[in-house]
Amino acid sequence: MGKKGIWIIGHGSSNPRWIEYVDQMITKLKSPSPIVLSFLEKVEGRLIEDGIRQLRGFGIKEVFVIPLFVSSGSTHIGEIQKILFHYKQEFTFIFGSCMNDHPLVVQHIIDQAKELSDNCNQESLLMIAHGSDEDDFQQKWKEILESLTKQIKEKTNFQQIDYATFLPNTILKRLEELKRTSKKILVVPLFLSRGIFTEERIPAMIQWYPVKYNGKAYLPNHWITEWIQEQIDQYYTKE
């Protein structure tokens, strides 16, 4: 089977602070084998091909790949799998999961909503995600978002809990529906980091509605390190 290793693959960003957040997370992880961090794009010298060279340097043959993505509905997951397919003769790739509807994600959303809330009984919660306009990936997004909605309903007393996406764009429709019954709509973005969606596109869509929004993304938060560590621990427990 050969030597094992952990490979975390993220999308990448032109913002050096984003890369710094991820690097800091990695330093807190514990693993009996090497951990390699790579990015799909935008980070010169740390792309997937660079990660392959690192894996070779460590003599790794079995690679546990952890996709640092909010959702399995991201088309980038397919991109990564296609790239890694070219190396399947050299490495055995075992894939972990994206963040999806993990309990830590559920708690993050609840925490963000509570931070915005004044009286949950008179407020609605709207999660806004990227989504996809490709059928298979859209279905994955739908399943994840419905699961998140169900779990949050079981743990909170908000008047209504719903979700919307940019692809397909359902944001204005959901806002119109929620404003009919709620005095205030709490908007929580489901994005890994701050950027054009959290700082420009969402504020532009919600500005004419009775909302509370702070634009906080998943990063930086300690729970992401916990989520990665949990996957690493489960991978080695299965030995």
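Details of the structure are given in the entry above.
Along each chain, residue indices are assigned from 1 in the same order as the chain's sequence is written. Reporting of local features is limited, given that this is a predicted model, to residues whose pLDDT is at least 70; pairs of side-chain atoms are given and counted only at 80 or more, and all residues count toward the totals for whole chains, interfaces and linings. Only hydrogens and water are set aside when side-chain values are computed; all heavy atoms of the structure are taken into account.

> Got a sec to walk through the side chain of Thr-225? Specific residues and values, please.
Under the DSSP-based scheme used, a helix requires at least four consecutive residues in state H or I and a strand at least two consecutive residues in state E, with every element numbered from the N terminus. Within the element layout of this structure, Thr-225 appears in helix α8 (residues 222–237). In contact with Thr-225, other than residues within four places in its own chain, are Met-25, Lys-28 and Leu-29. Contacts between residues were defined by any pair of non-hydrogen atoms, one from each residue, lying within 4.5 Å.

> Go over the sheet that holds strand β8 (residues 211–212) with me, naming the residues and quoting the values.
Two strands form a pair only when DSSP identifies at least two bridges running between them. Taken together, four strands build an open sheet; the order of strands is β6-β5-β7-β8 and the sheet is parallel. With one partner strand each, in any of the chains shown, β6 (160–167) and β8 form the two edges of the open sheet. Relative to β6, strand β5 (residues 123–131) is paired through seven bridges, and the arrangement is parallel. Following the sheet pairing, Gly-131 is matched in β6 by Leu-167. To obtain each axis, a line is fitted to C-alpha atoms, and for helices this fit is confined to the stretch in contact; angles are then taken between N-to-C directions over 0 to 180 degrees. Its contacts with the sheet place helix α4 (residues 103–116) against β5, β7 (184–189) and β8, and it is angled at close to 140° to β7. In the packing of helix α6 (residues 171–179) onto the sheet, the strands contacted are β5, β6, β7 and β8, and the crossing angle to β6 comes to about 160°.

> I'd like a rundown of the pairing of strand β3 (residues 60–68), residues and numbers included.
Buried, partly exposed and exposed residues are distinguished by accessible area as a fraction of the type maximum, computed with a 1.4 Å probe on protein chains only: under 20%, between the cut-offs, and over 50%, respectively. In terms of residue burial, β3 counts as a mostly covered element, since eight of its nine residues are buried. Note: β3 against strand β4 (residues 92–95), four bridges, orientation parallel. Within the sheet, the bridge partner assigned to Glu-62 lies in β4 and is Thr-92. Read as a crossover between parallel neighbours, the route from β3 over helix α3 (residues 75–85) to β4 is right-handed. The crossover handedness rule: strands pointing away from the viewer, path from first strand over the helix to second strand clockwise, crossover right-handed.

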